[in-house]
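Coordinate inspection notes
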Amino acid sequence: MSTQTAEGTQFDSELKKTELGNVISDNKGLFAALLVVIFAGAIGFGFYQKSLENKNEEASKAFYLFSSDKLEKFKKGEVKADEVVSSFKSTMSKYSSSKSYIGSALIVFDAVNAKAESEEVYSLLDGLTGQNIYQIYALSMRKAAALENMKKYDEAIAALNLINSDQFKSVEGKVNLDLGRLHMLKGSNEQARTHFDKVLKINTQAEFKSLATYYLSKLN
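Conventions and cut-offs
- Residues numbered from 1 in each chain as written.
- Predicted model: local features only at pLDDT ≥ 70, side-chain atom pairs only at ≥ 80, totals over all residues.
- Heavy atoms only, no water.
- Helix = DSSP H or I, 4+ residues; strand = E, 2+ residues; numbered from the N terminus.
- Buried < 20%, exposed > 50% of the residue type's maximum accessible area, 1.4 Å probe, protein only.
- Contact = heavy atoms within 4.5 Å.
- Areas by Shrake-Rupley, 256 points an atom, 1.4 Å probe, with all protein chains shown as cover.
- Axes fitted to C-alpha atoms, helices over the stretch in contact; angles between N-to-C directions.
- Parallel < 35°, antiparallel > 145°, perpendicular 65-115°, else oblique.
- Left-handed = near helix turned anticlockwise from the far one by under 90°.
- Salt bridge = Lys/Arg side-chain N within 4 Å of Asp/Glu carboxyl O.
- Expected span 1.5 Å × (residues − 1).
- Core = buried A, V, L, I, M, F, W, Y, C linked by side-chain atoms within 4.5 Å.

What follows covers the overall build of the protein chain. The helix and strand tally for the protein chain stands at eleven helices and zero strands. The order of α-helices and β-strands along the protein chain, N terminus first, is α-α-α-α-α-α-α-α-α-α-α. The buried share of the protein chain, taken over its 220 residues, is 35%. Residue pairs at least 24 apart in sequence account for 49% of intrachain contacts in the protein chain once pairs closer than 6 positions are excluded. Carbon together with sulfur atoms contributes 55% to the accessible area of the protein chain, which is approximately 13,800 Å² in total.

Bringing the packing of helix H9 (residues 172-185) against helix H10 (residues 189-201) into the picture now. Across the interface, H9 lies against H10 with an axial gap of 8 Å and an inter-helix angle of 160°. When the axis of H9 is compared with that of H10, the two are roughly antiparallel. Considering only the axes of H9 and H10, their crossing is left-handed. Across the interface between the two elements, Glu172, Gly173, Asn176, Leu177, Leu179, Gly180, Arg181, His183 and Met184 of H9 pack against Asn189, Gln191, Ala192, His195, Phe196, Lys198 and Val199 of H10.

Counted according to the given criterion, the structure contains 13 salt bridges. Close ionic contact of Lys73 with Asp69 constitutes a salt bridge, the shortest N to O distance being 3.1 Å. Of this pair, Lys73 and Asp69 are both found in helix H3 (residues 28-75), four residues apart, which corresponds to roughly one turn of the helix. Using a relative accessible area of 32% as the deciding quantity, one classes Asp69 as partly exposed. Taken together, the shared-partner salt bridges connect Glu148, Lys174, Asp178 and Arg181 into one network.

For helix H5 (residues 101-112), with twelve residues, the first-to-last C-alpha span of 17 Å sits near the 16 Å given by 1.5 Å per residue. Residues of H5 that are buried include every one of Tyr101, Ile102, Ser104, Ala105, Leu106, Val108, Phe109 and Val112, and no others.

Let us look at the nonpolar core. The nonpolar side chains of soluble globular proteins are, as a tendency, buried together. Residues Val84, Phe88, Met92, Val108, Val112, Leu124 and Leu125 are the most contacted members of the largest nonpolar core, which totals 44 residues. For this core, the elements supplying multiple residues, two or more each, are H3, helix H4 (81-92), H5, helix H6 (118-122), helix H7 (133-149), helix H8 (153-161) and H9. Ranked by residue count, the leading element in this core is H5, at seven residues. In contact with Val112, other than residues within four places in its own chain, are Phe74, Ala81, Val84, Val85, Val121 and Leu124. The next biggest cluster of nonpolar side chains, apart from the first, holds nine residues, and it includes Phe196, Val199, Phe208 and Tyr215.

This is how it looks when you write it as structure tokens:
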């Protein structure tokens, strides 16, 4: 006991030789509590990360089973598109926070878009937000297409405006062409002309320039 007391006293003496040491020495209880909180937080974060990994794995397995069943039957003409959409939402809704959910929803959207009701197919993507530029682009383009089919031109324009920036420079020709078309459909001819003119001025595919020229001729 005396040895331990002497060692503790010596430790305190050494600790108090610095300003920081003085603070620690005078607030041992507080620092001990902080260490416990930090340690507990690290353990909790580890469990959280493990839980996310398990959730992502479960989501991948669930989508594999869904695609092997419903999507394959849809491709064979055995089930209707709306049934596929409904089944996807009921099967995958509990995995909406998983990393693979957006990718899964896009796959189903692309598979049934041409054959499902516009409102139904749009519901696959409604409320989803991309976590990187690839997801943002993919979601925006598909949302805009579905909204255009629903004649919700203002909402389609809003979706495309999310990718009408320098961050998406490589696709600005396509984006501005579609924005021009949507403005033309809603009767905003001057705004349509602005987007078509931009397509002609930037470095983009000849096909987009040709279409922009065609639409401009319709506005003259």
